[in-house]
Amino acid sequence: MKSLNRRNFLKASGLTLLPAALPVVPLLANNSNKESAPANEPVVKFFGDGEFYDGLPYLEQLQNANSKNQLKVDRYGSGGAVEELEKKFETITGKEKAIYMPSGTMANQFAIAMLSGENTKVFVQDTSHVYRDEADAAQSIFNKRLMPLAKNQTFFTADELKKAIENLDNEEVFKSGLGCVSIENPVRRADGRMIPIDEIKKISEYCRSKNIKLHLDGARLYMASAWSGISIKEYASYFDTVYISLYKYLGSSGGAILCGERSLIEKMPHMIKIHGGNMFGNWLNAAMAYYKLDTIEEKLQEAIKRSKEIFAALNQIPGVKISPLDGGTNIYSMKFPPGLNVQKLGESFNNYFIRIPRPNENGEAKISVNETLLYREPKYIIDAIKDSFNKAK
Ligand SMILES: Cc1ncc(COP(=O)(O)O)c(C=O)c1O
C-alpha cells in the first residue's frame, strides 16, 4: 500500500474533483483541499465531527485495521466484519441485538415504522433529521404521519410531549393511534446542542408508563457522550431503538447501526431486502468503524482537553472570543479579530495545514472540535493561528 502514489491514486480515482469538505461549511482558503497538502501531511480541521478518509488514506486505515484484526468479508450483511461490528455495538449499547444498515435514513425510518406497527402518528422534534431531511419518507413510504413539536427548538420537554399526546383526543375525531416518539440527540440543526439528560429520563419514563415506543436518532451520539460524560449505554437504556452513524466520526464511507430488542431487529433484514438495501458486501464500512471504535472515546476526550488549552490561549488575543454553545457538544462559536484580510488568512492557515470555517459578515463562525486536533501539538496550532492573524492584518 505504501508503494502506491497517493496523488496518482487520487487522480486515477477522480477524487481530486471532489471538494475536500462537505460543502456545508464555507472554509477559509477553500481552494486548499488535501491535494495542495503534501502527501501524509495531516490537516487539522475545525469543522465536522471527525476525519473523512478520501482515497488512499482510507485504504491505509483499513490496512492498520487489518494488522490489528484480520479483515473478514461479509456476504449480504452476514458474517465477517459486519457481524463483528454488530456484536460490538450490542455490548456498547447494552441492547439485545444490533444490525448494520446501509444508511442512517434507513435505520431511522425502519425503526419508526416497525415500532409504530399499524399506528400512524409519530411525534418528532421539528428540527430533527427525521422530520426535515428524510424526504418525507415516513409519510410517503411508511404511511406514518410525523407530528413536529418544539418549532425551531433543540428539544421538546416531557411536559410538552404529554400535553400533545393528551390533546390528541380533543383535537382529532378519528383515532389512528399513536405509533412512537422519535428523538434526535445531539441535534444537527441546533448546532449539535444536546437534550438535557434529565429531560430524556422524564420523556422515557412517561413513554414507558404509557407503553409508547421511543426511538433515538443518535447519529452523533458519541459527541453527546463525550461532552456530557454520559455513556452510550446509559443513553441507549432510555430508548427502545437507537441508531448511530458509522461515517460521521467513525471513519467509514457510509453506513449505520441500529440496536434494539431482538424480536424487532430480527425483522430488519426483510425490510432492508424489500427496500433494495441488501448490499453484497458491507465489510469495508463495518471494518473501518470497528477499528475506529477502539479509540474514538479516548481521542474525543483528548481533543476536548487540547481544545480547552487552545481556546484559552486564543481567547487572550484581542478581538478573539471562542465560547461553547449553551448545551452544546463539539461546536463552538468563534469571534475573529476585526479587519482581517480573509484571503491572506486563508493562505496562511493553508500553509500551516489548518482549516477553519470562514467568518461571516459579523466576523463570527461556528468551529468544531474533533479528532483532527490531535494531528498537531496545541502549541503548534496556537502559534499557527496567532501568526496567521498577524499576517492577515
Ligand atoms: C442527525 C442525523 N440523522 C440521520 C442522518 C442520516 O444519515 P445517512 O446519511 O446515513 O442517511 C444524518 C445525516 O446527516 C443526521 O445528521
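Everything below is about the structure printed above this text.
My aim in this report is to walk through the structure given alongside it, one point at a time. Small disclaimer: the values here were computed from a predicted structure and weren't measured.

Here the focus is the overall build of the chain. Secondary structure summary: the chain contains 15 helices and 12 strands in total. In summary, the chain has a C-alpha radius of gyration of 22 Å against a globular reference of 21 Å for 393 residues, a match within 12%. The buried share of the chain, taken over its 393 residues, is 53%. When contacts within the chain are restricted to residue pairs at least 6 apart in sequence, long-range pairs at least 24 apart make up 77% of them. Working note: accessible area of the chain is about 18,100 Å², and carbon and sulfur atoms make up 51% of it. For the chain, the distance from the average position of its 51 positive side-chain charges to the average position of its 46 negative side-chain charges is 4 Å.

Next up on the list: the site of the ligand. In the vicinity of the ligand lie 14 residues, with G104, T105, D217, R220 and Y247 positioned nearest. Residue R220 places a side-chain N or O atom 2.8 Å away from an oxygen atom belonging to the ligand. In this structure, an oxygen atom belonging to the ligand sits 2.8 Å away from a side-chain N or O atom of K248. For the ligand, the accessible surface in isolation is 390 Å², of which the surrounding protein chains cover 87%. No other element matches the three residues that helix α4 (residues 104–116) contributes to the shell around the ligand. Looking at side-chain class alone, the shell around the ligand contains three nonpolar, five polar and six charged residues.

Glancing now at the sheet that holds strand β6 (residues 213–217). Pairing in this open sheet of seven strands is mixed, and the strands run β2-β8-β7-β6-β5-β3-β4 from one edge to the other. Both outer strands of the open sheet, β2 (97–101) and β4 (145–149), are each paired with one neighbouring strand and no more. Within the sheet, the average angular offset between the axes of one strand and its neighbour, ignoring direction, is 20°. Note that strand β5 (residues 178–184) and β6 share five bridges and pair parallel.

Take unusual backbone geometry next. Looking along the chain, the bond that leaves N185 and enters P186 is cis, with omega of -5°. As for its position among the elements, P186 is in the loop between β5 and α8 (197–209). Of note, D191 is a non-glycine position whose phi angle comes to about 50°, a positive value. With respect to the helices, strands and loops of the structure, D191 is situated in the loop between β5 and α8.

Before going further, it helps to examine the sheet that holds strand β12 (residues 364–368). Consider a sheet: its strands pair through backbone hydrogen bonds, and that pairing is either parallel or antiparallel. Strand order in the open sheet formed by three strands is β9-β10-β12, with antiparallel pairing between adjacent strands. Each edge of the open sheet is held by one strand with a lone partner, namely β9 (321–324) and β12. Neighbour-to-neighbour, the strand axes of the sheet open up by a mean angle of 30°, direction not taken into account. Sheet topology note: the strand β10 (residues 331–335)/β12 ladder contains five bridges and is antiparallel. In the strand pairing of β12, K335 is matched with E364.

Cut-offs and rules
Residues numbered from 1 in each chain as written. Predicted model: local features only at pLDDT ≥ 70, side-chain atom pairs only at ≥ 80, totals over all residues. Heavy atoms only, no water. Helix = DSSP H or I, 4+ residues; strand = E, 2+ residues; numbered from the N terminus. Rg over C-alpha atoms; globule rule 2.2 N^0.38 Å. Buried < 20%, exposed > 50% of the residue type's maximum accessible area, 1.4 Å probe, protein only. Contact = heavy atoms within 4.5 Å. Areas by Shrake-Rupley, 256 points an atom, 1.4 Å probe, with all protein chains shown as cover. Lys, Arg positive; Asp, Glu negative; His and termini not counted. Charge placed at Lys NZ, Arg CZ, Asp CG, Glu CD. Near = heavy atom within 4 Å. Polar contact = N/O pair within 3.5 Å; in protein donor to acceptor, adjacent residues only side chain to side chain. Nonpolar A, V, L, I, M, F, W, Y, C, P; charged D, E, K, R; others polar. Pairing = 2+ DSSP bridges. Axes fitted to C-alpha atoms, helices over the stretch in contact; angles between N-to-C directions.

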